[in-house]
Amino acid sequence: MNSLIWLPFLPLLGTLVPLLSAHLSRTACAFLTAALPALTLLLVLSHAGDIFQGERFHAVIPWIPAIGLDLAFRLDGLAMLFAILILGIGLLVILYARYYLSAKDSIGKFYAYLILFMFAMLGVVLSDNLIQLWFFWELTSISSFLLISFWGHKTEARKGARMALTVTGAGGLALLAGLLILGNTVGSFSLQDVLDNGDLIKASANYPIIVVLVLLGAFTKSAQFPFHFWLPNAMAAPTPVSAYLHSATMVKAGIFLMARFYPALADTNLWFLIVSLTGLITFLVGAYIALFQHDLKGLLANSTISHLGLITLLLGMGTDLAAVAAIFHIINHAIFKASLFMAAGIIDHESGSRDMRNLNGLWKYMPYTATLAMVASASMAGVPLMNGFLSKEMFFTETLHQASLGSLSWFIPVLATLGGVFAVAYSMRFIHDVFFNGEPINLPKTPHEPPRYMRVPVEILVAICLFVGIFPSLAVGDLLFAAANATLNGPAPDYSLAIWHGFNLPLVMSIIALIGGLLMYKNRAHLFKFQAQFPASDPKLVFESAIQWLTRQSQALIAWAENGSLQRYVFFVLAFAVVMTASSLLKLNTTAGQRPEIPLDALSITCAVLLCISALATVIWHRKRVVALITLSVVGLIVSLAFAKFSAPDLALTQLSVEVVTVILLILALFFLPQKTPKESSPRRIVRDLSLASLFGGIVGTISYALMTRPLDSISTFFTENSKTGGGGTNVVNVILVDFRGFDTLGEITVLGIAALGIYKLIARMRLFMPSADGNGLAWSEDRHPMLLKVISQSLLPLALLVSAYIFLRGHNMPGGGFIAGLVTSVAIIQQYIAHGVEWIKTRIKFDYQIMIGSGIGIATLSGLGSWVFGHTFLSSWFDYFYLPVIGKFELASAMIFDLGVFLTVVGATMLILANLGQLTTSERPTQQEHE
Amino acid sequence: MQHLSIFPVLIPLLFGVIMLLPPISRSIHSQRVASVVGCLFLLLSCAALLYQINNQGVQLYALGGWQAPFGIALIADKVSGLLVLLTAFLALAVILYAVAGQDKGGAYFHPLFMFQIMGINGAFLTGDLFNLFVFFEVLLIASYALLIHAGGKQKTQAALHYVILNLVGSSLFLFGLGILYGTLGTLNMADMAIKVGQLQGETATIAKTGALLLLVVFGLKAAMLPMHFWLPKTYSSASAPVAALFAIMTKVGVYSIFRVYTVIFGENAGELANIATPWLWPLALLTITIGSIGVFASPNLKTLSANLVIVSSGTLLACAAINSEAATSAALYYMVHSTLASAGLFLLADVIARQRGKAEDRFVRSRPFVQPKMIGFAFAIVALALVGMPPLSGFVGKIMILQATQSSTQTMWVWPLILVGSLSALVAFSRAGTTLFWRHNGSGSAEAEPAKPLEITSIGLLLLTTPLLVIFGGVISEFTQQAAFYLHDIQSSAYGLLPGVSP
């Protein structure tokens with residue numbers, strides 16, 4: 001593994017440095033922060049020699065093959081060019097920010113974000129894997145968000161940051177889709193594979209969609225029209241950030257992307273049309289808007305948009321020479337624009353304003369800074385001997401060679417010159433408005449030169465501007481050549497970096513641009529007047545209101561859909577169930593199956609009719625609660641009779657005792673509810689609900705009928721055959737409950753226990769007033785606990801317990817078992833509560849029902865665990881037969897212990913619920929008199 | 001170890017029982033200790049179980065010694081093994097948060113919590129459809145009780161809706177089971193998978209009604225449109241540890257859909273092959289849509305989190321609809337990611353709400369935080385993870401899902417929805433974050449109590465997983481691929497579990 005892996009990760013480590021050194025002096029923090037990026041830069045430069053020789057470095061570590069993500073880096077000419085820009089300008093920005101940020105700002109946090117961005121951006125340019133490229137791409141958006149919102153207490157910082165994140169985030173998602181399709185088309189997510197398969201990609205049916213999606217990513221990031229609006233609003237960031245991210249590096253990520261995929265995607269008509277036209281429009285729109293900005297940074301931001309458009313236009317042209325020109329302009333723009341932003345930051349910092357209507361005549365106050373800014377502006381305008389001139393000249397040359405628009409191709413050079421005119425005009429405005437043009441107006445501070453070292457980064461950058469401008473091949477010849485080679489994935493064309501190419505058409509265009517720009521600036525008053533006729537529109541407000549409109553619409557939709565009506569939700573569930581079942585029942589041709597029918601008898605018919613009537617009665621009288629409860633219990637009773645008839649005595653017994661307990665519980669609960677229920681359903685709703693209910697009932701009935709009339713071969717024969725031999729009991733139902741499917745029972749008694757705990761939890765702290773009279777205004781009887789009831793229930797208790805013991809013991813072989821026994825016991829105890837009241841019982845029965853539940857479930861579980869000792873699985877049963885004198889032969893089974901657990905849980909749960917429902921009221925019982 | 005497969009059910013059961021008995025039932029302190037110890041044991045045993053599954057293959061546990069299909073069998077395979085481990089980890093993190101003080105809001109928090117875990121683990125592990133019903137009941141009844149923890153009118157109302165809807169769901173579950181037993185004669189999943197292929201004609205049609213009825217039940221649990229309405233209110237009104245634990249509840253529904261409609265009604269189900277797919281497609285996509293709109297519309301962080309749960313459910317259901325190994329693998333990865341991240345967000349939302357006074361977690365101007373840096377950092381992590389931005393786990397899951405779509409029609413539907421859903425989450429989170437953390441009035445007031453160390457640990461544990469899921473993404477995605485392969489391979493997921501039966 002070579003040192004390539006370290007290139008992006010040194011800065012990642014570096015994000016910690018400022019956080020750890022923030023407590024030191026600001027200078028120390030700055031220097032320490034700079035150390036790792038500087039080391040990285042040295043590492044990059046150490047490869048320069050080989051790269052210039054045309055070598056390319058790769059490093060791959062497999063990461064997540066499932067998504068095609070590898071940790072893969074490459075260093076070639078293009079990557080190196082960008083890495084040098086990122087690290088070099090980054091170092092200068094670190095130095096600059098040390099003086100720019102005020103003492104209030106947390107410099108550690110700022111540097112940490114800045115280095116995080118550096119890491120992300122390096123990752124983008126060094127990526128050799130599509131997914132990884134996207135990975136870092138999104139990281140740049142995130143770090144940009146953090147940096148724009150560095151002064152998060154300001155509204156415009158928050159809004160600008162959100163807007164930038166939304167636009168670039170949306171583009172990032174498009175890019176992801178594009179890269180995935182691209183990778184799938186090629187069959188590899190390795191960048192090199194993609195670059196080597198340009199023809200395959202361009203021939204693929206996916207090509208148009210790939211181009212559109214990838215370009216969406218590139219255009220949003222590089223602020224191309226119509227996504228350009230976020231960039232001026234990102235200027236709410238501290239100026240070092242604007243200089244670094246929003247002019248020199250991050251906004252070039254989109255350009256980088258286009259350059260990187262140039263061999264794979266470019267050189268088709270589609271590419272030309274989209275890229276060059278977008279570039280051209282952006283170039284002109286940006287230049288035009290820049291002229292009318294009053295904010296210094298606004299001017300520079302729009303000029304950045306314009307220059308990015310220029311580069312995009314070049315990349316769209318599809319000729320190799322245009323690509324070289326694009327790369328050259330990337331370098332030049334990064335250098336002069338970063339220095340201009342820093343100069344603007346100095347002006348802002350030392351004069352307290354960025355408004356060009358107030359900033360006048362600063363030449364007198366800061367001549368040194370003014371000179372630097374003027375040189376950089378001249379480069380921006382494309383004045384000879386500056387680096388900006390050279391690449392602009394190349395740009396003009398290329399526009400002249402463009403023939404893709406057929407007979408309309410002459411538009412391109414003309415519009416390019418027009419853009420050049422605007423560029424000169426706004427550069428002129430930057431120089432003249434700020435440094436000359438009279439005296440400053442109402443500045444918060446008296447302007448002065450900045451601290452010595454704050455100027456150093458600007459000096460270095462301006463020096464490079466001149467150096468490149470005067471000795472281009474010496475300064476960047478090798479780098480440019482290597483980058484061009486890498487971009488084209490092949491040999492770069494012949495080009496000349498000389499500053500003098502003779503008197504030719506491009507030079508004429510430059511001269512026109514210079515003179516035209518000066519004239520335009522001179523006559524700016526007319527232009528400004530014209531521009532003032534347009535209604536001012538702030539993209540920030542438009543964007544925010546668009547988002548807010550969307551939010552409101554969503555809220556309205558959600559409020560309409562989730563209206564909080566339980567009836568509606570239940571309706572949806574049932575309606576969905578109807579759709580699901582009906583959809584397949586429609587295909588069932590015959591309902592009745594082949595199975596012979598059981599003969600009907602009069603009793604069954606009577607019971608069935610009663611069942612239907614009482615079910616209907618429950619629905620009809622559901623608002624008269626006591627009546628409904630009675631009819632409901634009739635339903636339950638008939639169901640138990642049905643169980644008994646169809647040879648399921650256990651179920652019948654269970655159902656019967658469950659009925660008793662639930663009816664008592666319900667009556668107790670009804671006591672606290674209003675006696676009458678108001679009519680709440682509209683007739684429409686009644687019709688709706690009735691239809692749905694009938695429909696669903698009909699469907700369930702149909703299915704049941706269809707099922708019951710068909711023969712079935714099921715596993716239940718196994719249970720009847722093995723009940724005695726395997727489970728030691730002749731009562732198959734009980735053996736199923738405690739043995740074959742004891743695990744289900746364990747779960748169900750847990751459910752019962754939890755239900756009791758839950759109800760306790762719900763009502764434990766509730767205290768309700770007991771109504772002093774019943775619904776008809778009749779006072780309660782004075783005789784709370786009638787003697788007769790007391791005596792009978794008390795004498796019934798031992799009898800009931802005996803019965804329940806009997807039911808419990810016979811369970812394994814005869815109808816009965818722990819569950820039923822538990823319910824019977826509960827009923828007996830409930831009887832005592834009814835007869836004597838909670839207070840009386842409390843003093844006599846010391847049972848803690850919670851412990852009873854716990855020990856019930858516990859015993860059942862332990863009986864299951866016991867089988868582990870013998871090497872069997874959980875809940876394996878054991879039984880044997882013993883003989884004792886007097887009693888005779890009897891059976892002992894582990895299942896009985898399990899059943900004991902069931903018994904205890906049932907009693908505990910029922911009683912916990914009941915005892916607490918019973919003491920819901922305040923113990924003081926109001927009487928009729930007190931109320932009168 | 002022979003019994004390891006049942007530990008994930010027994011450990012919480014036993015600890016739940018112990019907490020109901022003296023002396024532990026008498027003091028909240030000992031209950032706390034027991035809870036944490038129980039969750040630690042659970043985590044260890046789940047990890048050991050997964051290790052065992054990895055080394056020895058599927059673990060079949062026949063309860064009571066009754067072999068399938070006659071007795072109940074637990075199946076610890078890579079799918080269920082992964083999910084019980086996920087549950088155990090989530091439980092540990094959540095209980096650490098709860099013991100910092102939120103467990104005092106009402107009675108029986110700890111035993112109910114344990115029973116809830118037992119229900120979830122049982123549902124993941126069981127190989128029997130009726131037993132699944134039982135564990136659904138266990139987890140539901142425990143969740144009803146937990147939902148009203150710490151009281152209040154809103155909670156009680158939300159709980160009532162939740163209870164009634166789920167009771168309807170349980171009844172439908174029983175109908176469905178009855179129909180399936182009435183046609184197949186068995187409820188052991190592996191046995192059903194084999195028998196269903198032989199069903200023909202009218203019996204197959206009747207069985208189909210049962211199978212589709214189960215989709216309603218699982219869909220309700222998974223918050224599938226049009227049965228998702230209960231979720232936002234329920235989740236946003238639950239107390240923080242409960243809401244965080246509930247992050248895995250929708251996943252139980254999703255898991256059941258995967259298990260039932262892949263193993264039983266999957267490729268090999270003869271006339272009933274892939275019956276759920278045509279329904280899942282539109283509903284999954286609509287669920288993502290409505291969830292994303294809900295995310296956009298959320299007025300506070302808890303509702304936002306709840307709506308994100310709906311989005312993640314929709315996304316998982318879309319994976320179920322794609323119905324391929326790659327999609328199942330993606331779903332498993334995404335499930336782990338989204339459970340842990342949403343749980344983290346629910347807990348964080350609680351911390352945030354407590355430090356902002358009356359503004360609580362609503363997106364309005366408020367006083368500054370007591371611990372702005374830490375909470376802000378945690379928020380950024382959660383947001384990035386849930387939006388699906390690098391470098392956190394959301395993006396891996398998202399790409400796996402995008403890559404799992406097969407035909408161009410699928411791609412045309414799934415990609416835009418998932419990507420636009422991410423964008424909607426991105427916008428919502430950026431709005432939320434900038435408002436919560438930067439839109440302040442006045443200077444800091446230190447009235448609010450800072451988050452307790454245990455609470456921070458808990459959130460930290462949950463959030464730590466999201467970078468780890470990326471760093472070890474290679475190993476994890478390989479594992480989920482194997483798990484998905486197993487689930488889709490009827491030889492191992494059905495025939496392999498029934499000794500003596502061969503295709």
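From a predicted model like this one, the values you see are computed outputs, not experimental measurements.

Further remarks concern the overall build of chain A. When helices and strands are tallied, chain A shows 40 helices and four strands. Its C-alpha atoms give chain A a radius of gyration of 43 Å, clearly above 30 Å, the size a compact globule of 932 residues would have. Considering only C-alpha atoms, chain A reaches an extent of 125 × 70 × 60 Å along its principal axes. Residues classed as buried in chain A amount to 54% of the 932 residues present. Expressed as a percentage of contacts within chain A between residues at least 6 apart in sequence, the contacts between residues at least 24 apart total 79%. For chain A, the computed accessible surface area is about 38900 Å², with 68% contributed by carbon and sulfur atoms. Charge-centre separation for chain A: the mean point of 55 positive side chains lies 9 Å from the mean point of 50 negative side chains.

Further remarks concern a nonpolar patch on the surface. Residues and elements named next belong to chain A. Where nonpolar side chains cluster on the molecular surface, the patch consists of Leu-385, Leu-466, Phe-467, Ile-470, Phe-471, Leu-474, Ile-499, Trp-500, Phe-503, Ile-511, Ile-515 and Leu-519 and spans about 1200 Å² of accessible area. Every element with two or more residues in the nonpolar patch is listed here: helix H22 (452–470) and helix H24 (505–522). Position of Leu-474 among the secondary structure elements: in helix H23 (residues 472–488).

Next up on the list: the interface of chain A and chain B. With 107 residues of chain A in contact, the opposing surface of chain B contributes 116 residues. Together, the buried faces of chain A and chain B total about 9700 Å²; carbon and sulfur atoms form 78% of this surface. Linking chain A with chain B are two salt bridges, by the criterion used here. Salt-bridge contacts for Glu-202 of chain B lead to Arg-710 of chain A; the nearest nitrogen and oxygen are separated by 2.5 Å. Where chain A touches chain B, the interface holds 25 residue pairs in polar contact (both at pLDDT 80 or more). A per-class count over the side of chain A that touches chain B returns 63 nonpolar, 31 polar and 13 charged.

This brings us to the pairing of strand E3 (residues 879–884) of chain A. Residue and element names in this part refer to chain A. Alignment of E3 against strand E4 (residues 888–893), held across six bridges, turns out to be antiparallel. Within E4, the residue paired with Phe-882 across the bridge is Phe-890. What sits between E3 and E4 in their antiparallel hairpin is a turn of three residues, with Val-886 showing a positive phi close to 70°.

This brings us to the nonpolar core. Leu-265 and Phe-743 of chain A are the most contacted members of the largest nonpolar core, which totals 502 residues. At 20 residues, the largest contribution of residues to this core is made by helix H18 (residues 320–351) of chain A. Each of two domains, domain 1 (279–473 + 503–539) and domain 2 (731–770 + 784–927) of chain A, supplies a minimum of three residues to this core. Apart from residues lying up to four places away in sequence, Phe-743 of chain A is in contact with Phe-874 and Leu-875 of chain A together with Ile-6, Val-9, Leu-63, Ile-72, Leu-74, Asn-131 and Phe-135 of chain B. Grouped together as the second largest cluster of nonpolar side chains are six residues, Ile-715, Phe-719 and Val-735 of chain A together with Trp-66 of chain B included.

A few words now on the pattern of salt bridges. Evaluation of the coordinates by the stated rule reveals 24 salt bridges over all chains. In this structure, Glu-459 of chain A engages Arg-452 of chain A in a salt bridge whose closest nitrogen and oxygen atoms are separated by 3.1 Å. We classify Arg-452 of chain A as partly exposed; its relative accessible area is 42%. The shortest N-O distance in the salt bridge between Arg-354 of chain B and Asp-350 of chain B comes to 2.9 Å. Separated by four residues within a single helix, Arg-354 of chain B and Asp-350 of chain B lie in helix H14 (residues 325–355), roughly one turn from each other. If you follow the salt bridges from partner to partner, you end up with Arg-74, Asp-76, Asp-128 and Arg-260 of chain A in one network.

Residue and element names in this part refer to chain B. Inspection of every chain in the model, using the stated rule, returns 13 cavities of 30 Å³ or more. What the largest cavity holds in volume is close to 260 Å³. Forming the boundary of the largest cavity are 22 residues, of which Val-311, Thr-315, Tyr-334, Leu-386 and Val-387 lie nearest the centre. For the lining of the largest cavity, the secondary structure elements donating two or more residues are helix H12 (277–297), helix H13 (301–322), H14, helix H15 (372–387), helix H16 (394–404) and helix H17 (408–438). It is H17 that provides the largest number of residues to the lining of the largest cavity, a total of six residues. For the lining of the largest cavity, the residue count by class is 10 nonpolar, 11 polar and one charged.

Turning next to the packing of helix H11 (residues 249–264) of chain B against H14 of chain B. Residues and elements named next belong to chain B. Between H11 and H14, whose axes approach to 12 Å, the crossing angle comes to 170°. Judged on the interaxial angle alone, H14 and H11 are roughly antiparallel. Mapping the contact onto sequence places Lys-251, Val-254, Tyr-255 and Phe-258 in H11 and Thr-328, Ala-331, Met-335, Ser-338 and Thr-339 in H14. Residues of the contact of H11 with H14, tallied by class, amount to five nonpolar, three polar and one charged.

Let us now look at the UniProt feature "domain: NADH-Ubiquinone oxidoreductase (complex I) chain 5 N-terminal" (unreviewed entry) in chain A. Those places that UniProt annotates as "domain: NADH-Ubiquinone oxidoreductase (complex I) chain 5 N-terminal" (unreviewed entry) correspond, in this numbering, to residues 63–111 of chain A. Here residues 63–111 of chain A is 59% helix and 18% strand, with 29 Å between the C-alpha atoms at its ends.

Attention now moves to the packing of aromatic side chains. Following the criterion strictly, the structure yields 59 aromatic pairs over all chains and no others. Ring geometry for Phe-379 of chain B versus Phe-437 of chain B: centroids 5.2 Å apart, planes at 55°, classification tilted. Note that Phe-379 of chain B is positioned in helix H15 and Phe-437 of chain B in helix H17, a separation of 58 residues in sequence. Just as Phe-379 of chain B is buried, Phe-437 of chain B falls in that class too. Through a chain of ring-to-ring contacts, the aromatic side chains of Phe-9, Trp-63, Phe-73, Phe-119, Trp-134, Phe-135 and Phe-136 of chain A together with Phe-395 of chain B assemble into a single cluster. Directly above the aromatic system of Trp-137 of chain A lies the positively charged group of Lys-221 of chain A, at a separation of 5.1 Å from the ring centroid. Between Arg-568 of chain A and the ring centre of Trp-560 of chain A, over which it is positioned, the NZ or CZ distance is 5.9 Å.

What follows is about the UniProt feature "domain: Na+/H+ antiporter MnhB subunit-related protein" (unreviewed entry) in chain A. The sites that carry the UniProt feature "domain: Na+/H+ antiporter MnhB subunit-related protein" (unreviewed entry) are, in the present numbering, residues 789–911 of chain A. In this annotation, residues 789–911 of chain A is assigned 71% helix and 10% strand; the end-to-end C-alpha distance for the span is 20 Å.

Conventions adopted
- Residues numbered from 1 in each chain as written.
- Chains lettered and ligands numbered in written order.
- Predicted model: local features only at pLDDT ≥ 70, side-chain atom pairs only at ≥ 80, totals over all residues.
- Heavy atoms only, no water.
- Helix = DSSP H or I, 4+ residues; strand = E, 2+ residues; numbered from the N terminus.
- Rg over C-alpha atoms; globule rule 2.2 N^0.38 Å.
- Buried < 20%, exposed > 50% of the residue type's maximum accessible area, 1.4 Å probe, protein only.
- Contact = heavy atoms within 4.5 Å.
- Areas by Shrake-Rupley, 256 points an atom, 1.4 Å probe, with all protein chains shown as cover.
- Lys, Arg positive; Asp, Glu negative; His and termini not counted.
- Charge placed at Lys NZ, Arg CZ, Asp CG, Glu CD.
- Patch = residues over 30% accessible without salt bridge, like charges linked within 9 Å, V, L, I, M, F, W, Y side chains within 5 Å.
- Salt bridge = Lys/Arg side-chain N within 4 Å of Asp/Glu carboxyl O.
- Buried area = accessible area lost by both parts, 1.4 Å probe.
- Polar contact = N/O pair within 3.5 Å; in protein donor to acceptor, adjacent residues only side chain to side chain.
- Nonpolar A, V, L, I, M, F, W, Y, C, P; charged D, E, K, R; others polar.
- Pairing = 2+ DSSP bridges.
- Core = buried A, V, L, I, M, F, W, Y, C linked by side-chain atoms within 4.5 Å.
- Domains from an automatic or database assignment.
- 1 Å grid on protein atoms, 1.4 Å probe; cavity = no way out; pocket = protein on both sides within 12 Å on 5 of 7 lines; lining within 4 Å.
- Points joined across faces, edges and corners; volume = space filled by probe spheres on them.
- Axes fitted to C-alpha atoms, helices over the stretch in contact; angles between N-to-C directions.
- Parallel < 35°, antiparallel > 145°, perpendicular 65-115°, else oblique.
- UniProt positions renumbered as here; feature names shortened; annotations may be inferred.
- Phe/Tyr/Trp six-rings, centres within 6.5 Å; stacked < 30°, edge-to-face > 60°.
- Lys NZ or Arg CZ within 6 Å of the ring centre and 35° of its normal.

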